[in-house]
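So you can see what is in the structure, the chains are spelled out below.
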Amino acid sequence: MLVGLKEILKIAEADKNAVGMFNGTGFDSIRAVIEAAEELNRPVIIGHAEVHNVYSDISIVGAAMLAAAKAAKVPVCVHLDHGVTLEMCYRALRIGFTGIMIDASALPYEENLAVTRQVTEAAHAMGADVEAELGKLSTPEAGSTDCGSPTKPEDFYTDPDEAREFCEKTGIDALAVAFGTAHGFYKSQPKLDFSVVRNCAASTGIPLVMHGGSGVSPDGFRQAIAAGIRKINYYSYMSKAGYEAAARCIAAGSTKYLHDVEFAAYQAMKEDAKQAIRMFSGE
Ligand SMILES: [Zn+2]
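Here's what I pulled together on the structure shown here. (Residues numbered from 1 in each chain as written. Predicted model: local features only at pLDDT ≥ 70, side-chain atom pairs only at ≥ 80, totals over all residues. Heavy atoms only, no water.)

1. So, the overall build of the protein chain
Piece 1. Secondary structure summary: the protein chain contains 10 helices and eight strands in total.
Piece 2. The C-alpha radius of gyration computed for the protein chain amounts to 18 Å, which stays within 12% of the reference 19 Å derived for 283 residues, consistent with globular compactness.
Piece 3. The dimensions of the protein chain, computed from C-alpha atoms along their principal axes, are 60 × 40 × 35 Å.
Piece 4. Counting all 283 residues of the protein chain, 57% fall into the buried class.
Piece 5. Residue pairs in contact within the protein chain that sit at least 24 positions apart in sequence constitute 73% of those at least 6 positions apart.
Piece 6. Of the accessible surface of the protein chain, which amounts to about 12300 Å², a share of 53% is contributed by carbon and sulfur atoms.
Piece 7. Looking at charge distribution, the protein chain has the averaged site of its 26 positive side-chain charges lying 4 Å from that of its 36 negative ones. (Helix = DSSP H or I, 4+ residues; strand = E, 2+ residues; numbered from the N terminus. Rg over C-alpha atoms; globule rule 2.2 N^0.38 Å. Buried < 20%, exposed > 50% of the residue type's maximum accessible area, 1.4 Å probe, protein only. Contact = heavy atoms within 4.5 Å. Areas by Shrake-Rupley, 256 points an atom, 1.4 Å probe, with all protein chains shown as cover. Lys, Arg positive; Asp, Glu negative; His and termini not counted. Charge placed at Lys NZ, Arg CZ, Asp CG, Glu CD.)

What follows is the structure, encoded as structure tokens:
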């Protein structure tokens, strides 16, 4: 069933765990994620990142996500991931997305606040919930590139006092915080500062979001959840699992059909998503 971001995060809060958000870039990944959640009887968030719009336009992939969410046996939120332009945020709202991430974190604080408030007002008027970001992750959402190591990532960590004011003035429903994670593939184990999460959880009182979930250790996830993370964005390793299964299928040379390759990728992504959902559920 299709539910809002706020509602799905309430389930995570009640269970004291985190709900996974997975990007669905096409039919195979959408199906993989929703079936994984159904088999584990867990809620899930399926996301469309604005940066992925060049591969599948939101009018098609978003419609597929909404149809799959409505038919699902478990609560599913359909979420715009890293909405950077107002146009994409409003397109997602018009289509019926139930969660919107407005990512204006590259802008100066006051501008981030103004843009986030504008999107939040529109989203709430249309019955959708909003996630915003304060602080900076060291790499943009891309899903296909290695992340470098910024010289001093801690300079960009979310400030708890600024976070409190930001949440009060914007009225957002969830906040993405920067505490050492990065998008894409890690070259070495990331160093995470869980005190940033604990302090932001205490100062804002709203569910916190961890981006760059791929490659964090199981213990890293456990500590992040204990500190107040309620939504974990996870995509790169699921995509990699699908890619590797597709490569194996092609290398085996037993088929000339693309649908066989896609099916192998779907199965591998589903297994990877199940593993992530179990971990985020504290299993
Ligand atoms: Zn992200």
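2. Structural notes on the coordination of the zinc ion
Piece 1. In the first shell of the zinc ion, the protein supplies H82 (NE2), H183 (NE2) and H211 (ND1), at 2.0 to 2.1 Å from the metal.
Piece 2. Here the donor residues of the zinc ion are spaced in sequence according to H-x100-H-x27-H. With H82 in strand 3 (residues 76–83) and H183 in the loop between strand 6 (174–177) and helix 7 (194–204), the pair connects residues that are 101 residues apart, well separated along the chain.
Piece 3. Judged by its relative accessible area of 6%, H183 is buried. (Donors = N, O, S within 2.8 Å, 3.2 Å for Na, K, Ca; no water.)

3. A closer look at the environment of A123
Piece 1. As for its placement among the helices and strands, A123 is situated in helix 5 (residues 109–125).
Piece 2. Separated by 68 residues in sequence, A123 and K191 have C-alpha atoms that sit 35 Å apart.
Piece 3. If near-sequence neighbours (up to four positions away) are discounted, A123 is found in contact with L93, A128 and V130.

4. As for the pairing of strand 5 (residues 129–134)
Residues in a regular strand point their side chains to alternate faces of the sheet.
Piece 1. Burial of strand 5 is extensive: six of the six residues sit out of reach of the surface.
Piece 2. Because side chains alternate across strand 5, one face comprises the buried residues D129, E131 and E133, and the other comprises V130, A132 and L134, equally buried.
Piece 3. The parallel pair strand 4 (residues 99–102) and strand 5, bridged by helix 5, forms a crossover whose chirality is right-handed.
Piece 4. Pairing of strand 5 with strand 6 involves four bridges; the strand directions are parallel. Along strand 6, the bridge assignment pairs E131 with A174. (Right-handed = clockwise from strand over helix to strand, strands pointing away. Pairing = 2+ DSSP bridges.)

5. Some words on the environment of A64
Piece 1. Topologically, A64 is positioned in helix 3 (residues 58–71).
Piece 2. Linking A64 and G26, residues 38 residues apart in sequence, is a C-alpha distance of 8.5 Å.

6. Examining the packing of aromatic side chains
Piece 1. For the structure shown, the criterion picks out seven aromatic pairs.
Piece 2. For the ring pair F22 and Y234, a centre distance of 5.7 Å and an interplane angle of 70° mean the geometry is edge-to-face. A residue pair is termed long-range when its members are at least 10 positions apart, and F22 in strand 1 (residues 19–23) and Y234 in the loop between strand 8 (229–233) and helix 9 (236–252) qualify at 212 residues. With respect to class, F22 is no different from Y234; both count as buried. (Phe/Tyr/Trp six-rings, centres within 6.5 Å; stacked < 30°, edge-to-face > 60°.)

7. Remarks on the sheet that holds strand 1
Within a sheet, adjacent strands bond to each other through the backbone by hydrogen bonds, running parallel or antiparallel.
Piece 1. An order of 1-2-3-4-5-6-7-8 is seen for the eight strands of this closed barrel, with the pairing classed as parallel. Averaged over all pairs of adjacent strands, the angle between strand axes in this sheet comes to 25°, irrespective of strand direction.
Piece 2. Inspection of the sheet shows strand 7 (residues 208–210) paired to strand 8 by three bridges, in the parallel sense. Residue pairing in the sheet places V209 in a bridge with K231 of strand 8.
Piece 3. Along the sheet, helix 8 (residues 218–227) contacts strand 7 and strand 8; its crossing angle with strand 8, the most-contacted strand, is approximately 140°.
Piece 4. Strands strand 1, strand 2 (44–49) and strand 8 of the sheet are contacted by helix 10 (residues 258–280), whose axis makes an angle of about 155° with strand 1. (Axes fitted to C-alpha atoms, helices over the stretch in contact; angles between N-to-C directions.)

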